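A structural walkthrough
Residues per chain are reported as follows:
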Amino acid sequence: MDDVTVLKASEFSLNPPGGRVCYLLNGSETESGLLTPHDVFDSANGIKVLNPIQTVFARHYLYGNALVAAPTSAGKSLIALIFLLRHNSSGGSFLYVSPTRSLAVQSSRNFVPYFNVVLKLSGYDDTPLSYDSERATLIVTTYEACVTALRNRVSWARNASAIVIDEFHQISSSDRGILIEELTAWAIFSRVPLLGLSATLPGGRSVANWLDVTLYVESFWRPVPLERTFVPFYKKDKTDLLTHLISPEEKTIIFVGSKKEGWHLLSELYNLGYEPINKTLPDPLPNVYRLYNAGFCAFHCADVPVEEQQIIESRFKEDADFRVLIATQTLAYGMNMPVDHVVIFLGKKYIQGKHLIWPTPSDVLQMEGRAGRLGLRDRGRSSICLTGHSFTHYEIKRFIEKFYQGKFTTSLAERMEEDKDTLYLMILASMIYTKDPVKFLRCTWALSGKYLLYDVFKSELVKAGFIYGDKLSPKGLFAVQSGVTPAKVNRFLDLFTIDKGSLITLTPFLKDGLSVVSTGFIKEEEIKRILIHYPWFTEDVDTLAGKFRFLVGGFNAVEWSIIAYQSGVFFYKPALHNLPGGFGRFYQDREYVIKTLLLSKSLGLTDYTTDEVVELIEQLESGLPCGWAYFGGIKGVGYFYGHALRLALRECGVGPPERGLRVGEYFSRARDLRKVLREVFLAVGRADRSEFVLKAIEDSQDEVFKTSEAIRRDVARLEHFINNRRFYDS
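Quantities reported herein were computed from a predicted structural model and do not represent experimental measurements.

**Description of the overall build of the protein**
- When its secondary structure is counted, the protein shows 29 helices and 22 strands.
- Against the globule reference of 27 Å for 730 residues, the protein gives a C-alpha radius of gyration of 27 Å, in line with a compact fold.
- Counting only C-alpha atoms and orienting by the principal axes, one finds that the protein spans roughly 85 × 75 × 55 Å.
- When each of the 730 residues of the protein is scored for burial, the buried share is 56%.
- Counting every atom, the protein has about 31,600 Å² of accessible surface; 51% of that belongs to carbon and sulfur.
- Computed over 84 positive and 83 negative side-chain charges, the separation of the two mean positions in the protein equals 2 Å.

**Concerning the packing of aromatic side chains**
- Under the definition given, this model contains 36 aromatic pairs.
- Aromatic side chains tyrosine 565 and phenylalanine 583 sit 5.3 Å apart centroid to centroid with 40 degrees between the ring planes, which places their arrangement in the tilted category. Linking tyrosine 565 in helix α22 (residues 557-566) with phenylalanine 583 in the loop between α22 and α23 (590-602), this pair joins segments that are 18 residues apart in sequence.
- By relative accessible area, which is 0% here, tyrosine 565 ends up buried.
- Judged by relative accessible area, phenylalanine 583 falls into the buried class, the value being 2%.
- Between tyrosine 639 and phenylalanine 640 the ring centres are 5.3 Å apart and the planes differ by 85 degrees, which places this aromatic pair in the edge-to-face class. Of the two residues, tyrosine 639 and phenylalanine 640, both sit in the buried class.
- Above the ring of phenylalanine 316, the side-chain terminus of lysine 251 is found at 4.6 Å from the ring centroid.
- Over the face of the ring belonging to phenylalanine 692 we find arginine 689, whose NZ or CZ atom lies 4.2 Å from the ring centre.

**What to know about the nonpolar core**
- Among the nonpolar cores identified, the biggest contains 197 residues, and Ile163, Ile254, Phe570, Phe631, Leu649 and Phe667 are the most heavily contacted of them.
- Of the residues forming this core, the biggest block, ten residues, is contributed by helix α15 (residues 420-433).
- Here isoleucine 254 is in contact with Leu242, Ile246, Leu265, Val324, Leu325, Ile326, Ala327, Val343 and Phe345, once residues within four sequence places are set aside.
- Ranked by size, the runner-up nonpolar core spans 44 residues in total, among them Leu34, Leu81, Ala104 and Phe111.

**What to know about the confidence of the model for the protein**
- Model confidence for the protein is summarised by a mean pLDDT of 86, while 90% of its residues fall at 70 or above.
- The secondary structure element of the protein with the lowest average pLDDT is strand β8 (residues 127-128), at 64, and the one with the highest is strand β10 (residues 162-165), at 97.
- Counting contacts from residues 726-730, a segment whose pLDDT is below 50, to residues more than four positions away or on other chains yields 18 contacts.

**Quick word on the environment of leucine 477**
- Assignment of secondary structure puts leucine 477 in helix α18 (residues 474-482).
- Taking the C-alpha atoms as reference, leucine 477 lies 35 Å from proline 305; in sequence the two are 172 residues apart.

**Concerning the pairing of strand β16 (residues 295-300)**
- Burial analysis of β16 places five of its six residues in the buried class, the great majority of the element.
- In this structure, strand β15 (residues 274-276) lies alongside β16, joined through three bridges in parallel fashion. By the bridge assignment for β16, tyrosine 274 is matched with glycine 295.
- Where β16 and strand β17 (residues 322-327) come together, five bridges link them in parallel fashion. Bridged to cysteine 297 within β17 is valine 324.
- Each parallel crossover has a hand, and the one from β16 via helix α10 (residues 306-318) to β17 is right-handed.

**Here's the deal with unusual backbone geometry**
- Put simply, asparagine 15 and proline 16 share a cis peptide bond, and its omega is 0 degrees.
- Looking at where proline 16 falls in the secondary structure, it is placed in the loop between β2 (11-14) and β3 (17-25).
- Unusually for a residue other than glycine, asparagine 26 sits at a positive phi of about 55 degrees.
- Turning to its location among the elements, asparagine 26 is positioned in the loop between β3 and β4 (28-33).
- Unlike most non-glycine residues, arginine 153 shows phi in positive territory, near 55 degrees.
- Note on placement: arginine 153 falls in the loop between α4 (143-151) and α5 (155-158).
- The partly exposed category is assigned to arginine 153, whose relative accessible area is 27%.

Thresholds, definitions, all that
Residues numbered from 1 in each chain as written. Predicted model: local features only at pLDDT ≥ 70, side-chain atom pairs only at ≥ 80, totals over all residues. Heavy atoms only, no water. Helix = DSSP H or I, 4+ residues; strand = E, 2+ residues; numbered from the N terminus. Rg over C-alpha atoms; globule rule 2.2 N^0.38 Å. Buried < 20%, exposed > 50% of the residue type's maximum accessible area, 1.4 Å probe, protein only. Areas by Shrake-Rupley, 256 points an atom, 1.4 Å probe, with all protein chains shown as cover. Lys, Arg positive; Asp, Glu negative; His and termini not counted. Charge placed at Lys NZ, Arg CZ, Asp CG, Glu CD. Phe/Tyr/Trp six-rings, centres within 6.5 Å; stacked < 30°, edge-to-face > 60°. Lys NZ or Arg CZ within 6 Å of the ring centre and 35° of its normal. Core = buried A, V, L, I, M, F, W, Y, C linked by side-chain atoms within 4.5 Å. Contact = heavy atoms within 4.5 Å. pLDDT = per-residue confidence, 0-100. Pairing = 2+ DSSP bridges. Right-handed = clockwise from strand over helix to strand, strands pointing away.

Here it is in structure tokens:
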């Protein structure tokens, strides 16, 4: 293995193009000039010179696996290009795997001049971006889509000649880390050349040894130098702190540790003269007379409706007057968004009986990676804000420095002692890849070099009905090919037995963190108030939960949240006009949920019909109970207006509409609809909205109630895919 460390003394300039690279090669100090694109490949595509990290990779990478650990914005896309071009003569296609859809789309554009680029964001549909019969094919995809394709033995993933895993450091994250570890184990086991592109890693050389790389590159050089300062403050002085930190000449991201803190800071910036771009807020902002406008600001987090997130992201990049963006740490990993100044609020969290500094050193370094706009500023700034007397500067400095000497671990390694369900799924998946599962499992970081009680775990899976003999049972196949852990498969089948048409049945397929309360838009005390003051809501909750009230263990957080969502809980919050968080983006999960339901049917675990699958998806996306979900097909009527209509019609003694019935004919059954609808809106503080709903009904009166054609098309397409694909031979 060649071990390369790029030193801080390296130099790089875009105008004029030039510089030098100073680095250690296997412990020996070396210096050289920078390479030009023509030294590496035919088309420069606007690039005049390679930076120091790109230069050492181009000089020293020849074959095999490689790992590059470098700061954000270090030009890793070009490193990936060099890696892929070195394997171009091997034929076949290549994989470039990103953590999110947005990053996959963003990254794919960099490779269009060199490959036939195909976007595969779901595993079932292709989006070709370029084609040339003489070029190799590069498939740009996400962790989830790639793992799903491998588990289903799909040829575009299984036959790849090389793979690039972007944001490789996320292998330690709780949400996607296990997927990266499975991808890595597959590449090691299948001897597919792998390039890991990572931010700074603790114990990077131990990772390099696990991957058996021929080249390991780490960098202490940054394309834009970072100026880090520590700022102590007291919580009561946060307004003064913001005034001190924010410069009208800079683009600034403020990273906060909680959504509650983010909304509070947004109101503080509003009081300082900034105009928030957010339209969906937990509570209305007060009317403040302004002598001047300091610029625009926004809060970006997972609970902001996706349409607003997209507006915030695009405007922050393009609008010079949009100066301050508040964000949770997810933005540090999710978007390529360089700024002039990064502000990080550091605090302590009580986790598993210990007071720990939060965010973690890895998160801090990732956040600081956003600081610096190459070609626009000569340096980036980072302000780490320390709450009260919690820390000293020396303590924080040691806290970050110790990260570099720390031990590397993965999410699977950390979780498998407490969360056997995750390990069980990995064991089941290993049986897809090979007839020798233990050999595959040894290729993971978590299980390499460790004593594995495989026979014990296997016997437990046999007892639970996931394995028959040495092969996967239909239930085992369902777990692997859907990505649903064994415990959740059992939960799904229990819920299906009770009421297969209830939306609660889908909860094992939804994200674990899905919660009405955790969005921050509705607090627990507000839900109690809604239950007391609105008997409609209480009645709906009792109706939806009724069949499941004797469920063993009661409802978990996701199941209860789905009941509240479908009972209209967000309708009773007058400040909300868009659905927050995951509740507003169920349409993004449509394909996965449809495929999972159809897969359960094809394996003989359920007996869902096409119409039943369509109806469940309509319930999920509209947030309306069964029968009432047809309202989602009326133009201008969504979640909020749909629940208002449902409540008003129920008061008028009118039940859900029948499929095929004219809209005008149906609503004519409710003679006092205008009056009752106004009373419903008035009761929840939305009195001015009733006329909008009535206008939407009037405009659609000649249409008929029917299921969504788009959903029905998706079900038909995925049903064809499921019925015609080649299953793992069980």
